[in-house]
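The residues making up each chain are set out below.
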Amino acid sequence: MKKFICILLVVCTAVLAAAASACKKDSRAAVSRYDIVATYDEESRTLSGTVELDYYNNTDNELSDLKFNLYGNAFRENAKYKPVSETYENKAYYGGKSYGGMEIANVEGCAGWNVGGEDENVLTVNLTEAVYPDQRATVKISYTLTLAKVNHRTGVAEKSVNLGNFYPILCAYSKEGFIECPYYSCGDPFVSDCADYRVTLDYPAAYTAATSGKLVTETETDGRKKCEYSLKNARDFAIALSDKFQTVTETVDGVAVSYYYLSDNNPQVSLAAACDSLKYFSKTFGAYKYPNLSVVQTGFTYGGMEYPALTMIADGLDSDNHIYTIVHETAHQWWYAMVGSNQLTDGWQDEGLAEYSTVMFFESNTGYGFTRTGLITTATAAYRAFFSVYGQLNGDVDTTMNRNLSEYTGDFEYVNVTYNKGMIMFDMLRNTIGDEKFVSCLAAYFKQFNGKIASAEDLTGCFLKCGTDLEGFFSSFIDGKILI
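Figured I'd write up the structure that's included with this text. The model shown is predicted, which means the values in this text are computed figures rather than measured ones.

Looking at the sheet that holds strand β13 (residues 195-204)
Strand pairing in a sheet takes place through backbone hydrogen bonds and is either antiparallel or parallel in direction.
Piece 1. Spatially, seven strands are ordered β4-β7-β2-β1-β13-β16-β15 in an open sheet, and the strand pairing comes out mixed. This sheet does not close on itself; its edge strands, each paired only once, are β4 (101-108) and β15 (214-221). Across the sheet, the mean angle separating the axes of adjacent strands is 15 degrees when strand polarity is ignored.
Piece 2. In this structure, β4 lies alongside strand β7 (residues 136-146), joined through seven bridges in antiparallel fashion. In the strand pairing of β7, G101 is matched with T146.

Right, dumping it as structure tokens:
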């Protein structure tokens, strides 16, 4: 009997160990995976290929459909929402009006599919079988993206090709269901969950590719390159191509930081700004989790744009704004890429925090010539000017911060409410609770929501836990009650 019990114990132990091992394996595998294969044709300005999504259902619900945002469709001729506001149209469309679009050719592994949404911006895929929580489903989408000639996130710029939001991407899932993202011209109308990526890109050999991913393989045949990249636990994936890129690279704490530039008299200074800010934010908030960071000077209408492990920096900036933008976009690796938020409804959550993180960096790195006092003073003056102008024009000014991008009257209002007011709010908060608590709360916020989508309440909740009554403070700013 003792021998049997011993054998039974051994067997049970082995079974439990195997089960524990399986649980660990499932935990590591509990993420969706994209396998993207795409070919860029320079002459037709098209990117064509397939997106195979191995979807992992990490929701609490049984799902019969999957929904994908088709951001590329914002550039078609008859789009309901223009991807560029009238204020910036002439600057963006450098050769006159130009159009593009994203055409879905087929979806494999499903019962049916259709393109709809508010602005032909959503692909709905009907699954052959419902996928339950913790189960997987695979679909394969064939598509062609036609690029407009435009200095924007997605398009053929004057000296480069920008491939941000270049593929059908699964809509993030919330309590209300999949979040469909119309492409509003002000702000960043993107919300997505983290996933693992394998991207294979075929492109002309004359081009240099800057990407979010780490290069795995590269071959060159008949004047074309085929490169495979990988990226783990990322919110999305971006690429920039140019036959004019020059590159400088430095390794910081094991991270390969590469600066791709078109024209820069001091590329080492630009690279240093990226490296120094990466090091500062890692030390202050928490470690950067990707193996590489591509900082890309490219044709872009606005100052810059963030993607996981890749930032776009407009090639028309003066030297001060160029350096400032590099630091701001690097800050977005923490507040957007690693800690996500709903940019459709709470643009201040990542923009205001990225702006103030930039202030913190320059305050600690005085050699760049920016000061905390100077930056806060400038933001306050700009916000007050906005408030005065809008008050004179409209008689009333909406300064609420928790509103949909569709509710902003334009870029001027959006920038002042999300960037400037957000920066002012975080500076006042820091003055209220002190440096140590302020930094500690942000580090706790980063640790808790790294790889997730945090709500505005999640962010403010991290500060409420610091032991100070701040509910009135946040509501006064977010609800538009405070006068600055």
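Description of the side chain of T358
Piece 1. Mapped onto the elements of the fold, T358 is located in helix α5 (residues 347-364).
Piece 2. Engagement of the side chain of T358 in a polar contact is seen with the backbone oxygen of A354, the distance being 2.7 Å.
Piece 3. Filtering out sequence-adjacent residues up to four positions away, T358 remains in contact with F281, Y324, V327, H328 and A331.

Side note on the packing of α5 against helix α8 (residues 435-449)
Piece 1. At a minimum axis separation of 14 Å, α5 and α8 run at an interaxial angle of 130 degrees. Put simply, α5 runs oblique to α8. The two elements α5 and α8 cross, and the hand of that crossing is left-handed. Contacts between α5 and α8 involve Q349, L353, Y356 and M360 from the former and F438, V439, L442 and Y445 from the latter.
Piece 2. Across the contact of α5 with α8, the residue classes tally to seven nonpolar, one polar and no charged.

Structural notes on the packing of aromatic side chains
Piece 1. Counted under the stated rule, the structure contains 45 aromatic pairs.
Piece 2. Aromatic pair Y324 and F362: ring centres 5.8 Å apart, planes at 20 degrees, arrangement stacked. Linking Y324 in helix α4 (residues 319-331) with F362 in helix α5, this pair joins segments that are 38 residues apart in sequence.
Piece 3. For Y324, a relative accessible area of 13% corresponds to the buried category.
Piece 4. Judged by centre distance (5.6 Å) and plane angle (25 degrees), the rings of W335 and Y445 are stacked. A residue pair is termed long-range when its members are at least 10 positions apart, and W335 in the loop between α4 and α5 and Y445 in helix α8 qualify at 110 residues.
Piece 5. Of the residues examined, W335 reaches a relative accessible area of 1% and is grouped as buried.
Piece 6. On the basis of relative accessibility, which here comes to 2%, the residue Y445 falls in the buried class.

Conventions and cut-offs
Residues numbered from 1 in each chain as written. Predicted model: local features only at pLDDT ≥ 70, side-chain atom pairs only at ≥ 80, totals over all residues. Heavy atoms only, no water. Pairing = 2+ DSSP bridges. Helix = DSSP H or I, 4+ residues; strand = E, 2+ residues; numbered from the N terminus. Axes fitted to C-alpha atoms, helices over the stretch in contact; angles between N-to-C directions. Polar contact = N/O pair within 3.5 Å; in protein donor to acceptor, adjacent residues only side chain to side chain. Contact = heavy atoms within 4.5 Å. Parallel < 35°, antiparallel > 145°, perpendicular 65-115°, else oblique. Left-handed = near helix turned anticlockwise from the far one by under 90°. Nonpolar A, V, L, I, M, F, W, Y, C, P; charged D, E, K, R; others polar. Phe/Tyr/Trp six-rings, centres within 6.5 Å; stacked < 30°, edge-to-face > 60°. Buried < 20%, exposed > 50% of the residue type's maximum accessible area, 1.4 Å probe, protein only.

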